[in-house]
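Understanding the architecture of this molecule
This is what each chain is made of:
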Amino acid sequence: MELSKDFPLFFLFTLFLFHAKIVLGERSSYIVHMDKSFMPKAFATHNHWYSFTVKSLKSVNTKSLDYHRKPLKLVYTYDNVFHGFSALLSHDELEALKKSPGFVSAYSDRNVTLDTTHTFEFLSLNPNTGLWPASQYGKDVIVGVIDTGVWPESLSFKDDGMTEVPSWWKGTCEAGQEFNSSLCNRKLIGVRYFNKGVKAANPNITLSMNSGRDTLGHGTHTSSTAAGNYVEGASFFGYASGTARGVAPRARVAMYKVIWDEGRYASDVLAGMDQAVADGVDVISISMGFDDVPLYQDPIAIASFGAMEKGVLVSSSAGNERLIGSLHNGIPWVLTVAAGSIDRFFAGSLILGNGLTITGWTMFPAAALVTDLPLIYNKTFSSCNSSEALSTAGYGIIICENGFLSSQMNYVSQSNAPAAIFISDNPRTFEFSDFTYPGVVISSKEATIVIDYATMGRPCAELSRHLKTRHLGSRIIGISIVDSNTLTAAIGSSIGLTSDFVAISGTSMACPHASGIAALLKGAHPEWSPAAIRSAMMTTANPFDNTQNYIRDSYFNYEIATPLAMEQDKLIQIRRSIQA
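If you're wondering where the values come from, they're calculated on a predicted model, not measured in any experiment. (Residues numbered from 1 in each chain as written. Predicted model: local features only at pLDDT ≥ 70, side-chain atom pairs only at ≥ 80, totals over all residues. Heavy atoms only, no water.)

Take the overall build of the protein next. Helix and strand counts for the protein stand at 16 helices and 27 strands. A buried classification covers 54% of the 580 residues belonging to the protein. Total accessible area on the protein stands at roughly 25100 Å², and carbon and sulfur atoms take up 54% of it. (Helix = DSSP H or I, 4+ residues; strand = E, 2+ residues; numbered from the N terminus. Buried < 20%, exposed > 50% of the residue type's maximum accessible area, 1.4 Å probe, protein only. Areas by Shrake-Rupley, 256 points an atom, 1.4 Å probe, with all protein chains shown as cover.)

Glancing now at the nonpolar core. In terms of nonpolar packing, the biggest core is built from 42 residues, with Ile146, Tyr256, Val269, Val281, Ile284, Ile286 and Met288 touching the most fellow members. Looking at which element gives the most residues to this core, the answer is helix 8 (residues 266-279), with seven residues. For Val269, the contacting residues outside a window of four places in its chain are Val112, Ile146, Val258, Ile286, Met288 and Phe290. Counting 35 residues, the second-largest nonpolar core is a separate cluster that includes Leu188, Val247, Ala248 and Val337. (Core = buried A, V, L, I, M, F, W, Y, C linked by side-chain atoms within 4.5 Å. Contact = heavy atoms within 4.5 Å.)

Its location among the elements puts Met209 in the loop between helix 6 (196-201) and helix 7 (218-227). Distance from Met209 to Phe179, taken between C-alpha atoms, is 9.5 Å for residues 30 residues apart in sequence. Dropping the residues within four chain positions of it, Met209 is found in contact with Gln177, Glu178, Thr215, Lys257 and Trp260.

On to the UniProt feature "active site" (unreviewed entry) in the protein, then. Here the UniProt feature "active site" (unreviewed entry) sits at Asp147, His218 and Ser508. Within the secondary structure layout, His218 lies in helix 7. A distance of 2.6 Å separates a polar atom in the side chain of His218 from a polar atom in the side chain of Asp147. (UniProt positions renumbered as here; feature names shortened; annotations may be inferred. Polar contact = N/O pair within 3.5 Å; in protein donor to acceptor, adjacent residues only side chain to side chain.)

Encoded structure:
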């Protein structure tokens, strides 16, 4: 049989139609908002109504192939932060649902973005005056944390000095994989986990940790920052040693795990927020957000409005992208906070053979022995972007320039070099805590001196680490914050070190500081509404740092920051509200 020349085009067109039908027929997760006033009196609860509504869609005549890998299913119902449900629906079923009485809107389930021993001093928290004594350190205020779970064995969650759990608390400690309900106490008063969304999106998935236990470390860090108990002798491999404590050390912690190694979905986040309000939390701390979403479809915006109506303040992170328009959670009724710097600088010294000492920055989690070694600079491999080129460098301290720190560190670690000097003027370098190889970061200005020395005679150098303090930055902080960690999260070097405490940067770390301050204000003024607490924090802002000088902008050579710079980064200065 002779085939037409048009056959390939016809075949592709047919294949496209076939694929389109499969797509139309395939079910996916949707979040559906309903007007509860339309619920027929025949239904005793909204759960029954939503369940009946979803089941009634089985009669829908689909225009597409009658094949679905995922069954029609009600995933969650919501009744506290908003009214509605999430469900697995096909396109046809969704269109039919839109005609149901009480339907308001629907949108696809979507992925969420995850955005201390010293910071209480930096925030001017004082045991003798101000918010700490006024609130009795946050006594009996309940902070609900929406995050990756918790490592309950962390000393930050011991209940020494805590009174009995408030009688109005309605939460529970949900048992699960490697998590017994007895792990909760008078500090960690509740743990729940929500995974129906990730399971609905991935029907055959097996969760690696099907419980409220934290495997990522994010939730353990944020919750201990907001309201962790006192832990003496805390440090990150010797850095930032001291007594760790949360901003509100006598407040209670309730963890709602909604983020999983296998996925992170809005439906689970909403379920966690909904339950937190029902359980009776006073503050919700949520260090995550949804990117590129209009306000009317932003799950956190919608849920936080409902929480606010119930008297619960929501504190959230602003995101870490730093690009114009990249802010998330910039919601009028939510306390949104970005990251700033603090007055602590993890320093490493570079000591040249001629006696000159240059102070740089390092976070290598060990006291590496780097003494009297050759100092090597060569333009052919100074970009440190090729393990092959670095293999010709010889044994010594390599100088790396014109590259990305993490990438350069990776290539250097594959070479024979015992250590390296990294040249960078990027302020975001100081947010980098995964320092996997012995080395120190110096500025390009200091690098000129080092390179000049390295190209003369027989140069040598040594490296050491220590802790220095600088006086720069804002009042809401998120750079190199040391707090509790899980024992499953590897840190730093390639040998997989672990630590009870970890230094992390980002708005995720700034958010629980604001959450803790909000908890203190709630403790001092229990009659205040979420709006009053937000107002107190934001309207008492000031443009000064902790030296009473103007805040400086690290992105512009530490010039005095302009109002636009502080507004763009949402750097909320709260010193006056703390001391009030």
